[in-house]
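Architecture and fold: a report
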Amino acid sequence: MAKLMFTKTHEWILVDGQKGKIGLSDYAQKQLGDLVFIELPALGAKVAAGRAFMNVESVKAVSELNCPATGFVLAVNNDLEAAPEKVNQDPMGAWIVEIEFESLCDCLMSEDDYKKLIG
Amino acid sequence: MKKTALYDAHIHRGGHMVEFAGHELPVRYENYGVIAEHNAVRKAAGLFDVSHMGEIIISGKNAETALNYLLTNDIRGMYDGQVRYSPLPNERGGAVDDVLVYRYNSEKFLLVVNASNLAKDAEWIASRLPSDVTFDNISENIAQIALQGPLYKDIMVRLTVEEELPAKYYSFKDNVAVRDVKCLISRTGYTGENGYELYCAGADAMKLYGYLMEVGAELGLIPAGLGARDTLRLEAGMPLYGHELGEDIPLSEVDLGFAIKMGKEDFIGKTALLSHVPAYCRIGAKVLKGIAREGDKVFCGEVEVGTVTSGTHSPTLGFPIAVLRVLNEYKDKPLAASVRGRMLELEIVPLPFYKKA
């Protein structure tokens, strides 16, 4: 069964076997405001746990996303290219990147712990 | 950090407060966001707190002559109740600031200046006026609210009689009663839409803001923050001090010829501007993919030819736009902005990006 976990930098990962879909938390999308551009990583790109691996842009600023796991990019959500606002509208539904991972970040926490973190 | 007279209204309405030019101001509001606020101004109306702006009164028999020497635009021949835009030049032909000049009469003018430059401007101007011209920085006691958008007049006529309102673009009326609040109202703005800017005593600001929201809400009026103010002015091709204008950017390079009157009598920076051959120009570009922002370098092939002075996603046009400062000889060549190691292709387009219908 798929398991949902969060980073303290507000990414979520929905883990299913050795694959994980990654998105932004509702708290993060609220803090960023309207997203207007998502710079999707290339398919096959290597990603490292806890490291910045892509950018999202709001009207006012660019923000880095940190990867919750080490592995490589398996798929990207191309719908977001034309409609980045989907992340604002449905942050838990709009996955951004799917990765195949070797290892998850030690930093991941449960949804309950994440909710405590953001208060 | 200073709070404006409308601070409580912003908190009450869910404003995301940020520091801007020493003031705590809303960048956007919780229930709307930059894009919704921007669109409200283009389609209905938005209400901005611009109380951080500075206001300076210049008066005296020789006020007009003294002021004209400090400005690049020519303020002679304005009518009472007229507003004019002008850069405030330095000796090198760069800009100390850019300001609005309000003429009450030939011996009394109001200057509205950028908040970030107020202290600098006050010193610059006060030290360059003859002793018979009076300088009065009244910024502390004045609140300013900008009502911007196509429904601007529909909203104001619910609060005052139409004859009391300034009719012409870039004109103003003083002592207008907006219900029980006395205001100076001008037909000005920084959004590329029609609108009014209302000046009142700080103590009356909450009341005035409340009246506007009360009658405007059903017409679609919503509060708008600094984020929308920036995307709106950028679409309208209006320069922002610190981005397109600065002490070291010659005014001959910023496409503001309409406000620089080389034919008038001597003014500060005139000699420098006369002898200066413009090397750079200010132009607009559409970014084909991705967003280029202030400070990103502009290239033509391998050659660095300028910088992005402002850039964002344009909510009205639906694509990213940027204002560039590039060397003249490259303005018709293929250009790209270097953004985090990627080259983003630019397509030069005429300014302004957006013009109201």
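As shown above, the structure is provided for reference.
Description of the structure in this document. Every value quoted in this text rests on a predicted model; they were computed, and no experiment measured them.

All names here are of chain A. Strand order in the open sheet formed by 3 strands is β4-β6-β7, with antiparallel pairing between adjacent strands. Bordering the open sheet on either side are β4 (35-39) and β7 (62-66), each of which pairs with just one other strand. Along the sheet, successive strands turn relative to each other by an average axial angle of 30°, direction set aside. Bridge count between strand β6 (residues 52-58) and β7: 5 bridges; the pairing is antiparallel. Bridging across to β7, V56 finds its partner in S63.

On to the packing of aromatic side chains, then. Residues and elements named next belong to chain B. Taken as a whole, this structure holds 7 aromatic pairs over all chains when the rule is applied. Each ring, one from Y85 and one from F258, has its centre 5.9 Å from the other, and the planes form 25°; the classification is stacked. With a gap of 173 residues between them, Y85 in strand β6 (residues 82-89) and F258 in the loop between α7 (226-235) and α8 (270-275) connect regions that are remote in the sequence. A relative accessible area of 13% means that Y85 is categorised as buried.

Bringing the layout of surface pockets into the picture now. Residues and elements named next belong to chain B. Space inside the second largest pocket adds up to approximately 330 Å³. As for the second largest pocket, its lining consists of 21 residues, and the residues nearest its centre are K2, H23, S51, S139 and E140. Elements with a minimum of two residues in the lining of the second largest pocket: β1 (2-3), α4 (118-126) and β10 (142-148). Its residues assigned to classes, the lining of the second largest pocket shows 8 nonpolar, 10 polar and 3 charged.

This part is about the sheet that holds strand β14 (residues 221-223) of chain B. Strand pairing in a sheet relies on backbone hydrogen bonds, with the paired strands running either antiparallel or parallel. Residue and element names in this part refer to chain B. The strand order across the open sheet built from 6 strands is β11-β12-β13-β10-β4-β14, with neighbouring strands paired in mixed fashion. Across the chains shown, the open sheet's two edge strands, defined by having one partner strand only, are β11 (172-178) and β14. Strand-to-strand twist in this sheet, taken as the mean axis angle between neighbours without regard to direction, amounts to 25°. Bridge count for strand β12 (residues 181-186) against strand β13 (residues 195-201) is 3 bridges, and the pairing is antiparallel. What sits directly across from S186, in β13, is E197. With respect to the sheet, helix α2 (residues 34-43) is in contact with β4 (45-49), β10 and β14, its orientation differing from that of β4 by roughly 120°.

All names here are of chain B. F48, Y102 and L245 are the most contacted members of the largest nonpolar core, which totals 31 residues. Where this core is concerned, the elements lending two or more residues are β6, β7 (95-105), β8 (108-113) and α7. Among the elements that make up this core, the one with the highest residue count is β7 (4 residues). Beyond its immediate sequence surroundings of up to four residues, L245 is in contact with Y85, A95, D98, P239, L240, L251, V254 and L256. Listed in part, the 29 residues of the second largest apolar core include A45, V181, Y211 and L212.

Moving on to the side chain of D296 of chain B. Residues and elements named next belong to chain B. With respect to the helices and strands, the residue D296 is situated in the loop between β15 (280-287) and β16 (297-300). The charged side chain of D296 is buried without a salt bridge, its nearest counter-charge being R340 at 6.2 Å. Of the polar contacts made by the side chain of D296, one reaches the backbone nitrogen of R293; its length is 2.6 Å. What D296 contacts, discounting residues up to four positions off in sequence, is I291, T307, V308, S338 and V339.

The rules behind each value
Residues numbered from 1 in each chain as written. Chains lettered and ligands numbered in written order. Predicted model: local features only at pLDDT ≥ 70, side-chain atom pairs only at ≥ 80, totals over all residues. Heavy atoms only, no water. Pairing = 2+ DSSP bridges. Helix = DSSP H or I, 4+ residues; strand = E, 2+ residues; numbered from the N terminus. Axes fitted to C-alpha atoms, helices over the stretch in contact; angles between N-to-C directions. Phe/Tyr/Trp six-rings, centres within 6.5 Å; stacked < 30°, edge-to-face > 60°. Buried < 20%, exposed > 50% of the residue type's maximum accessible area, 1.4 Å probe, protein only. 1 Å grid on protein atoms, 1.4 Å probe; cavity = no way out; pocket = protein on both sides within 12 Å on 5 of 7 lines; lining within 4 Å. Points joined across faces, edges and corners; volume = space filled by probe spheres on them. Nonpolar A, V, L, I, M, F, W, Y, C, P; charged D, E, K, R; others polar. Contact = heavy atoms within 4.5 Å. Core = buried A, V, L, I, M, F, W, Y, C linked by side-chain atoms within 4.5 Å. Lys, Arg positive; Asp, Glu negative; His and termini not counted. Salt bridge = Lys/Arg side-chain N within 4 Å of Asp/Glu carboxyl O. Polar contact = N/O pair within 3.5 Å; in protein donor to acceptor, adjacent residues only side chain to side chain.

Honestly, it's all geometry; don't read function into it.
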